[in-house]
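# Residue-level structure breakdown
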Amino acid sequence: MTRSDLVEELAARFAQLTHRDAESAVKTILDAMSDALVRGNRIEIRGFGSFSVSRRPPRIGRNPRSGESVAVPEKRVPHFKPGKALREAVDERSAQLGGEPPARKGE
């Protein structure tokens, strides 16, 4: 699902919302979540999951083309942990569909 799909779904479910209002609502929510993660805060949405910022320590990597060692600096990356209700819903739905996960683009 893309951002525009989310806007379309929101506008379709709530007839009182115009497409512009739905777009504004989605943008506001995603901006607020992004800002919270940038500040290092944790976001928890009960029944859905939690977003947090994880630290990846510095390491020595390899340039795949030349094989040369490269120092990879420390990074802070967003991390999502699904909630129990979401995990169970996905598992149940997967079992109903035969257990095969859908193919991703490019596979």
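Scroll up to find the structure this text is about.
Okay, so let's go over this structure.

Rules used throughout
Residues numbered from 1 in each chain as written. Predicted model: local features only at pLDDT ≥ 70, side-chain atom pairs only at ≥ 80, totals over all residues. Heavy atoms only, no water. Pairing = 2+ DSSP bridges. Helix = DSSP H or I, 4+ residues; strand = E, 2+ residues; numbered from the N terminus. Axes fitted to C-alpha atoms, helices over the stretch in contact; angles between N-to-C directions. Buried < 20%, exposed > 50% of the residue type's maximum accessible area, 1.4 Å probe, protein only. Contact = heavy atoms within 4.5 Å.

A few words now on the sheet that holds strand S5 (residues 75-82). Pairing in this open sheet of 3 strands is antiparallel, and the strands run S1-S2-S5 from one edge to the other. Of all strands in the sheet, those with a lone pairing partner are strand S1 (43-45) and S5, marking the two edges. Ignoring which end each strand starts from, the neighbouring axes of this sheet average 25° apart. Examined bridge by bridge, S1 and strand S2 (residues 49-56) share 3 bridges and lie antiparallel to one another. Opposite Ile 43, over in S2, you have Phe 51 as the bridge partner.

This part is about the environment of Ile 60. Considering the arrangement of structural elements, one finds Ile 60 in strand S3 (residues 59-62). Residue classification places Ile 60 among the exposed positions, given a relative accessible area of 64%. Spatially, the C-alpha atom of Ile 60 lies 8.6 Å from that of Pro 73, the residues being 13 residues apart in sequence. Residues in contact with Ile 60, not counting those within four places in the same chain, are Ser 69, Val 70 and Ala 71.

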